[in-house]
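Each chain, letter by letter, is given below.
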Amino acid sequence: MKYLYAVMAVLFGFIDLEKIKKLLLSKTGKFVGSALTGYIMSLSLAPVNMWVLAVAGLVLFLMLSMFFDTKKQVFFCTLTFFTAYAFSTINWIEYVMADFGKIPSALSYFVVLLFSTFYIALPYAITNTIAYKLGSSKKSIYVLCFMPVAFILSDIFIYYFLTGFPWTYIGYCFIDSPLKNYAPITGVLGINLFVYLMCAALSLSVYRKYLFFPVAASILILSVFLEGNTFVKRLNEPVKVALMQGNIEQSVRNNGSNIRQVLAKYWSLTQKRIENNSLIIWPESAISYPYEYISGFVTDLDSALKDKDATLITGTLSYKGADEIYNSIITLGNAHKAGTEIYSYNKRVLVPFGEVVPFASLLRPLGSIFVIPNSSFSYGLENQRPISADKYSFTPAICYEAIFSDTVASLDSADTNGIVMLSVDSWFGPTKGPIQHLNIARMRTIELQKPMLRATNSGITAYIDERGNIVDMLPSDVTDVLETTFYPVKGQTLYSRFGNIFTYIFSLFLLIMGIIGLKRKDDPNSELIEKMVRS
């Protein structure tokens, strides 16, 4: 809270609005200001993790938007703002392209810039320009009602368009703020909306329109009161869990001829930790070969676990015939009844240009850049069942799936006891990507109020409780085992039951209020009343 007070003191007490106005009236000033505020907002994400910077960046941009005089300025300044925010946030993609794709660094950065501009920022620029066209006659209505709705529509667009990429949602900036308490009710999309609305009200308040300040204060105060609100009950049934972090190099994992070496390493980490009723978890594709082709090893592993009444949840590849290869999760030991077919959860959201090449028939003939190893996976069915681990049930998520809140929530129910997330974050290398990915996973636990067991190949392996707090974790780039005590829960949040319905309803309410505000004639006494409030 002290950071918020400090920023508000700066905004309300030390900003000379006239000097700023003169500076920003120039076209260059507006674009530079948009880029700078977008960059400031990006610093609120991991690894800096200061949510107050998101408030500062967005409030300053919304203050700047009050000076926009044309639709052209609105479009290009909004495009600049969100491009700067996105590029600074996801520049780790350059490492992935340069290190694994062997693409020159300069070209990689250029591709990231294009992606940030035309995939992420462009929808916000288009919708905000439409919002400006609707509400430019009354700037306060435009900023408070139409702009938040425009940004929410853009959030929804980048969630679903092509494969979707909701990595840059502003709600993730607030994972360690009171606003996270809205997640079990509205999900991260609802947090996005509340942030847009709160910052809009703050920006109007800076211009001495103090009648809007209670809107911002109410959003923040209500979130504080929601602290401790729970929809689930923790079961008094502690479970011993061991999460394996093999730290195996990508080049070794991706080479099928190294399967024995990979399995030997995970078995050596596991063997001494098989105990009665224990739960052991291996990361994504720890069995880096279709398990149907190594049935002897799988059968022996299953028997060894059954002998000790233990359960293993592991990532693997699976083959279902007709050239259908899946990135999967299976359970062995107590969770698998002898003589029955092994159930596999198959990944439903694949990484574009990583696990699948979009429009492959068109792109692959264009050159080797589109002939990517391990990029021919099949999509799992949308309607699958949770993972069973003895008497407990887990909502599964494999790597990229964790950034899609609806995908994870679709398999949650009142009877699931937690979330199992398996991932390989080696692709990120020494960038901020793994920390951002971890915080996104934390948001999933808060939305569903289900604890998460997160096993990764090279980090960050962690046990996250139902409040999004990291209970135990391993550092990155080490071979180790995270041994912890997991507490299952039971119950279901409003977000799990109703999805984004509350966000949609409130967005519609804002839109209606904006339309009413536009049609309403100005009260000749309103300016006098506002002056009285200021004094």
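Scroll up to find the structure.
Keep in mind the model is a prediction, meaning the values are calculated, not measured. (Residues numbered from 1 in each chain as written. Predicted model: local features only at pLDDT ≥ 70, side-chain atom pairs only at ≥ 80, totals over all residues. Heavy atoms only, no water.)

Participant: Any chance you could explain the pattern of salt bridges here in plain terms?
Facilitator: Opposite charge on two side chains lets them pair, provided their charged atoms get close. Applying the stated rule across the entire model yields twelve salt bridges. Lysine 240 is the partner of glutamate 275 in a salt bridge, and the nearest nitrogen-oxygen pair spans 3.5 Å. With glutamate 275 in the loop between α12 (259-270) and β3 (279-281) and lysine 240 in strand β2 (residues 239-245), the pair connects residues that are 35 residues apart, well separated along the chain. Overall, the relative accessible area of 36% leaves glutamate 275 in the partly exposed class. For the salt bridge of glutamate 447 with arginine 444, the shortest nitrogen-to-oxygen distance reads 2.8 Å. With a gap of three residues between them, glutamate 447 and arginine 444 both fall in helix α16 (residues 433-448), about one helical turn apart. Arginine 444 matches glutamate 447 in its accessibility class, with the two residues each being buried. (Salt bridge = Lys/Arg side-chain N within 4 Å of Asp/Glu carboxyl O. Helix = DSSP H or I, 4+ residues; strand = E, 2+ residues; numbered from the N terminus. Buried < 20%, exposed > 50% of the residue type's maximum accessible area, 1.4 Å probe, protein only.)

Participant: I would appreciate a short explanation of the sheet that holds strand β9 (residues 392-398) in the present structure.
Facilitator: Adjacent strands of a sheet pair through backbone hydrogen bonds, lying either parallel or antiparallel. Read from one edge to the other, the open sheet built from six strands follows the order β8-β9-β10-β11-β12-β13, with strand pairing classed as mixed. In this open sheet, the two edge strands, each paired with only one partner strand, are β8 (387-389) and β13 (470-473). For this sheet the average axis-to-axis angle between neighbouring strands, irrespective of direction, equals 25 degrees. Looking at chain direction, β9 and strand β10 (residues 418-423) are connected through five bridges and run parallel. In the sheet register, phenylalanine 394 faces β10, and the bridge partner there is glycine 418. (Pairing = 2+ DSSP bridges. Axes fitted to C-alpha atoms, helices over the stretch in contact; angles between N-to-C directions.)

Participant: What should I look at first to understand the nonpolar core in this one?
Facilitator: A general feature of soluble globular proteins is that nonpolar side chains tend to end up buried together. Membership of the largest hydrophobic core comes to 88 residues, with the highest contact counts inside it found for Leu58, Phe165 and Phe174. Of all the elements, helix α9 (residues 183-206) adds the most residues to this core, at 17 residues. When near neighbours in sequence (up to four residues on either side) are disregarded, phenylalanine 165 contacts Ile90, Trp92, Phe115, Tyr119, Ile120, Ile158, Tyr159, Tyr400 and Ile403. (Core = buried A, V, L, I, M, F, W, Y, C linked by side-chain atoms within 4.5 Å. Contact = heavy atoms within 4.5 Å.)

Participant: Even after reading the chapter, I still don't get unusual backbone geometry, so can you show me in this structure?
Facilitator: With glycine set apart, most residues show a phi of negative sign, and most peptide bonds adopt trans. Omega for the peptide link from alanine 46 to proline 47 comes to 10 degrees, which places this bond in the cis form. The topology assignment puts proline 47 in the loop between α3 (27-42) and α4 (51-65). In this structure, isoleucine 460 follows glycine 459 across a cis peptide bond, with omega equal to 15 degrees. Take isoleucine 460: it is sitting in the loop between β11 (452-456) and β12 (462-464). A positive phi is found at aspartate 390, a non-glycine position, where the angle reads about 60 degrees. With respect to the helices and strands, aspartate 390 occurs in the loop between β8 and β9. In this structure aspartate 390 comes out as partly exposed when scored by relative accessible area, which is 42%.

Participant: Explain the pairing of β11 to me, please; I cannot follow it from the model alone.
Facilitator: Across a regular strand the side chains alternate sides, sitting on one face of the sheet and then on the other. Within β11, five of the five residues are buried, which leaves it mostly tucked inside the rest of the structure. A two-sided burial pattern is seen for β11, the buried positions comprising Met452, Arg454 and Thr456 on one face and Leu453 and Ala455 on the other. As defined by bridge partners, β10 adjoins β11 across five bridges and the pair is classed as parallel. By the bridge assignment, valine 420 is partnered in β11 with leucine 453. In this region the chain leaves β10, passes through α16 and returns to the parallel neighbour β11; the handedness of that crossover is right-handed. Summarising the sheet, β11 and β12 pair through three bridges and their orientation is antiparallel. Counted as the bridge partner of arginine 454 is alanine 462 from β12. Here β11 folds back onto β12, and the loop between the two strands holds five residues, one of which, glycine 459, carries a positive phi near 115 degrees. (Right-handed = clockwise from strand over helix to strand, strands pointing away.)

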